[in-house]
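Summary of the model geometry
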Amino acid sequence: MKKVILITGCCGQVGSQIYNHLVLHQKAKVIASDIKLSANEFRIYEQVNVLDYQSILGVVRRHEVTEIYHLAAILSSAGENDIERAWKTNINGLLNILNICRDEKVSKLFFPSSIAVFGGEIKNKIAKQTQVLTPTTMYGVSKAAGENLCNYYFHKFAVDVRSIRYPGIIGPQLNIGGGTTDYAVEIFHSALGSGKFSCFLSADTILPMIYIEDAIKATVNIMQAPTKNIKIRTSYNLAGFSFSPQMISAEIKKIIPEFVINYAPDHRQAIADSWPRYINDEEAKKDWNWSHSYNLQLMVETIIDEIKSYDYQNSNIA
Ligand code: AKB
């Protein structure tokens, strides 16, 4: 059977890069979709609102979709501005996708969860796989519920759904929005533009992060792993490396010595403070052989080189 992959939320940071990766590396027809009216950068594009069951069903049937990467979501900071919209998009959207996977025999589904599922008391600020989930944002609440929904559909209806708790994903592309970790993307564009950056988190706020290439590698790896290796059907912890605004600005200054950062924490500080600083991802390492390749220094060097060589301000996609 021919592999046909549908990506929802394809205009976003992760969707656009997964699209690039799958188009380049897999023998598959890849269909990009998003709520936006049109997106010329994709070969096959469908405008889809994940809350519109019939329109997703139409796309899945028309293209005979065999796998879905469901990336459409409202992130942590944006979600707090309209909690009902965040809940509906993140949960009703997922439910539509899960039902379609079950009924249309879509063979695999990827669901991104997040470090935002954590909150409250976390010993030494290191989140274990089995951490009790007490999220502090509607995004985190919806992702924690989404993980359980996925687990339920796997056990009840045999939907082969695989999931990762993404740390903050950092890359050169500017198509981010609504996240608490967005500062660590914006900082590069300011450093290379005006040379100044006003950071909305305090200097010492350490958060778990990952370079986008590693995040894409993890996503593809978990989707390709043999079914028997996927022991966790809620969501796997995933770690790259952890850093604070002060630490990343020190790395940037090694390359751009005149760079100036100042700190003006806003409402996102409380969200960041509720998250762990470090992630224990032993299960992902053990079950599907996960390891990350980038550290802070390599990521900073790579992103600065990439931004210098490409006009990201005017493009959604590399
Ligand atoms: C956010 O900041 O909301 C996201 C996330 C950590 O899931 N980047």
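These remarks concern the structure in this document. Predicted model only: the values in this text are computed from it and were never measured.

**Overview of the packing of helix 1 (residues 13–25) against helix 7 (residues 212–224)**
For the pair helix 1 and helix 7, interaxial distance at closest approach is 10 Å and the crossing angle is 65°. Judged by the inter-axis angle, helix 1 sits roughly perpendicular to helix 7. Along this stretch, helix 1 crosses helix 7, giving a crossing that reads as right-handed. For the pair helix 1 and helix 7, contact is made by Gln 13, Val 14, Gln 17, Ile 18, His 21 and Leu 22 and by Ile 212, Ile 216, Thr 219 and Val 220, respectively. Along the lines of polarity and charge, the residues of the contact of helix 1 with helix 7 split into six nonpolar, four polar and no charged.

**Observations concerning the sheet that holds strand 10 (residues 207–211)**
Spatially, 8-10-12 is the arrangement adopted by the three strands of the open sheet, whose pairing is mixed. Whereas interior strands pair on both sides, the edge strands pair on one side only; in this sheet they are strand 8 (168–170) and strand 12 (241–243). Sheet twist, expressed as the mean angle between neighbouring strand axes with direction ignored, is 45°. Taken strand by strand, helix 7 contacts strand 8 and strand 10, and its axis lies near 80° from that of strand 10.

**Structural notes on the site of the ligand**
The environment of the ligand is made up of Leu 75, Ser 76, Ser 114, Ile 115, Tyr 139, Gly 179, Thr 180, Thr 181 and Trp 275. Within the side chain of Ser 76, a nitrogen or oxygen atom sits 2.5 Å from an oxygen atom of the ligand. Between Thr 181 and the ligand, the recorded distance is 2.9 Å, taken from a side-chain N or O atom to a nitrogen atom. Across the complex, the protein chains shield 93% of the 250 Å² of accessible surface that the ligand would expose by itself. Per-class residue counts for the shell around the ligand are four nonpolar, five polar and no charged. Split by domain, the residues of the shell around the ligand number at least three in each of domain 1 (4–169 + 211–237) and domain 2 (171–207 + 240–287 + 294–317).

**Overview of the packing of aromatic side chains**
One pass over the structure, following the stated rule, counts twelve aromatic pairs. For the pair Tyr 19 and Phe 42, a centre-to-centre distance of 4.7 Å together with 80° between the ring planes defines the contact as edge-to-face. Here Phe 42 lies in the loop between strand 2 (29–34) and strand 3 (45–47) and Tyr 19 lies in helix 1, a separation of 23 residues in the sequence. Aromatic pair Tyr 152 and Phe 157: ring centres 6.2 Å apart, planes at 80°, arrangement edge-to-face. Connected via pairs of aromatic rings, a cluster forms that spans Tyr 19, Phe 42 and Tyr 45. It is Arg 102 that lies over the ring of Phe 157; its NZ or CZ is 4.7 Å from the centre. The lysine or arginine in question, Arg 233, covers the ring of Phe 154, its NZ or CZ lying 4.0 Å from the ring centre.

**Concerning the pattern of salt bridges**
Counting across every chain of the model gives eleven salt bridges. When the shortest N-O distance is used, the salt bridge between Arg 233 and Asp 160 registers 2.6 Å. Of the two residues, Arg 233 is situated in the loop between helix 7 and strand 11 (236–237) and Asp 160 in the loop between helix 5 (138–157) and strand 7 (161–166); the sequence distance between them amounts to 73 residues. You'll find Arg 233 and Asp 160 in the same group, each marked buried. Note that Glu 251 is salt-bridged to Lys 254, the shortest N-O span being 2.9 Å. In this pair, Glu 251 and Lys 254 are both assigned in helix 8 (residues 245–255), three residues apart and thus about one turn of the helix distant. The class of Lys 254 is exposed, set by a relative accessible area of 60%. A network of salt bridges, in which partner residues are shared, links Asp 160, Arg 162 and Arg 233.

**Quick notes on a negative patch on the surface**
On the surface, a cluster of negative charge is made up of Glu 213, Glu 301, Asp 305 and Glu 306. Take the negative patch: its biggest share by element is three residues, from helix 11 (residues 296–309). You can call Glu 306 partly exposed: its relative accessible area is 31%.

Conventions and cut-offs
Residues numbered from 1 in each chain as written. Predicted model: local features only at pLDDT ≥ 70, side-chain atom pairs only at ≥ 80, totals over all residues. Heavy atoms only, no water. Axes fitted to C-alpha atoms, helices over the stretch in contact; angles between N-to-C directions. Helix = DSSP H or I, 4+ residues; strand = E, 2+ residues; numbered from the N terminus. Parallel < 35°, antiparallel > 145°, perpendicular 65-115°, else oblique. Left-handed = near helix turned anticlockwise from the far one by under 90°. Contact = heavy atoms within 4.5 Å. Nonpolar A, V, L, I, M, F, W, Y, C, P; charged D, E, K, R; others polar. Pairing = 2+ DSSP bridges. Near = heavy atom within 4 Å. Polar contact = N/O pair within 3.5 Å; in protein donor to acceptor, adjacent residues only side chain to side chain. Areas by Shrake-Rupley, 256 points an atom, 1.4 Å probe, with all protein chains shown as cover. Domains from an automatic or database assignment. Phe/Tyr/Trp six-rings, centres within 6.5 Å; stacked < 30°, edge-to-face > 60°. Lys NZ or Arg CZ within 6 Å of the ring centre and 35° of its normal. Salt bridge = Lys/Arg side-chain N within 4 Å of Asp/Glu carboxyl O. Buried < 20%, exposed > 50% of the residue type's maximum accessible area, 1.4 Å probe, protein only. Patch = residues over 30% accessible without salt bridge, like charges linked within 9 Å, V, L, I, M, F, W, Y side chains within 5 Å. Lys, Arg positive; Asp, Glu negative; His and termini not counted. Charge placed at Lys NZ, Arg CZ, Asp CG, Glu CD.

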